[in-house]
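Okay, here's what each chain looks like letter by letter:
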Amino acid sequence: MVNVALRPLEAADLPVFDHAYGSPDASGEHQWFGFSPPGRSLAEMGALGPRGGRLTVTADGRVVGSVFWFRREWGPPDTSWCWEVALHILAEERRRGVGTRSMILLTRYLFDHTLAWRVQAIADVANTPSRRMLTRVGFTEEGVLRAAQWREGRRHDQVIYSLLRDERGP
Ligand SMILES: CC(C)(COP(=O)(O)OP(=O)(O)OC[C@H]1O[C@@H](n2cnc3c(N)ncnc32)[C@H](O)[C@@H]1OP(=O)(O)O)[C@@H](O)C(=O)NCCC(=O)NCCS
């Protein structure tokens, strides 16, 4: 079984991510939003701040992707905030359980180290891998956000999921 772990980003990871997010094939069918500037710094990648962060996913010590989270608010910011999470596993590393394991580790990390009550995630209606992964981690499907995302010349419906603090697994 693959040993999946999360760790802070290192400068050497950045070219891997630039490559991974730099084309529709590498980004994934439902994740291509156009080119991003190459050579981004750790700060620009949003590594570990009070409003969100990003961690590198390793599998048996190799860099295989990243997980990230950012703050969302559903009412007064002090009492109605939550984390929204997302992740990207390198195309050649998918379908081995790494995505599921990374998301379990990330939600555990956020509930252990922040006071969040709710962690939410958004998946394109057609993104079967992402939707199956979220369900497998224990997220509940809450509904469809119609025409919420603009990508590749048209609007796409998104499904919103959540995991609450008292629903997390062992
Ligand atoms: C979504 C993603 C993170 C899943 O990573 P992964 O390592 O392949 O996930 P896992 O191997 O843990 O598989 C998770 C589930 O998806 C299913 N799955 C994975 N790839 C699939 C595919 N191409 N078609 C159908 N199901 C697929 C698996 O069978 C598993 O479901 P199951 O447990 O019910 O059998 C990965 O596909 C990815 O990085 N995609 C591009 C970015 C993205 O879409 N991110 C999510 C939105 S934020």
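Every value quoted in this text rests on a predicted model; they were computed, and no experiment measured them.

**Points about the site of the ligand**
Among the 19 residues in the neighbourhood of the ligand, the closest are listed as Arg 95, Gly 97, Gly 99, Thr 100 and Arg 136. Gly 97 is positioned with one of its backbone polar atoms (N or O) 2.7 Å from an oxygen atom of the ligand. Contact between the ligand and Gly 99: an oxygen atom at 2.8 Å from a main-chain N or O atom of the residue. Alone, the ligand offers 930 Å² of accessible surface; in the complex the protein occludes 81% of this. Assessed atom by atom at 2 Å from the grid points, the ligand resides in the largest pocket. If you list the elements that add at least two residues to the shell around the ligand, you get β4 (81-89), α3 (98-113) and α4 (128-137). Among the elements that line the shell around the ligand, the one with the most residues is α4, at 5 residues. Here the residues of the shell around the ligand are counted per class, giving 6 nonpolar, 8 polar and 5 charged.

**Concerning the layout of surface pockets**
In this structure, the largest pocket occupies an estimated 1500 Å³ of space. If you trace the largest pocket, you find 50 residues lining it, with Gln 31, Leu 87, His 88, Asn 127 and Ser 130 closest to the centre. Broken down by secondary-structure element, the contributors of at least two residues to the lining of the largest pocket are β2 (52-59), β3 (62-73), β4, α3, β5 (118-124) and α4. Among the elements that take part in the lining of the largest pocket, α4 stands out by supplying 7 residues, more than any other. Partitioned by chemical class, the residues of the lining of the largest pocket number 19 nonpolar, 18 polar and 13 charged.

Rules used throughout
- Residues numbered from 1 in each chain as written.
- Predicted model: local features only at pLDDT ≥ 70, side-chain atom pairs only at ≥ 80, totals over all residues.
- Heavy atoms only, no water.
- Near = heavy atom within 4 Å.
- Polar contact = N/O pair within 3.5 Å; in protein donor to acceptor, adjacent residues only side chain to side chain.
- Areas by Shrake-Rupley, 256 points an atom, 1.4 Å probe, with all protein chains shown as cover.
- 1 Å grid on protein atoms, 1.4 Å probe; cavity = no way out; pocket = protein on both sides within 12 Å on 5 of 7 lines; lining within 4 Å.
- Sits in = over half its atoms within 2 Å of the grid points.
- Helix = DSSP H or I, 4+ residues; strand = E, 2+ residues; numbered from the N terminus.
- Nonpolar A, V, L, I, M, F, W, Y, C, P; charged D, E, K, R; others polar.
- Points joined across faces, edges and corners; volume = space filled by probe spheres on them.

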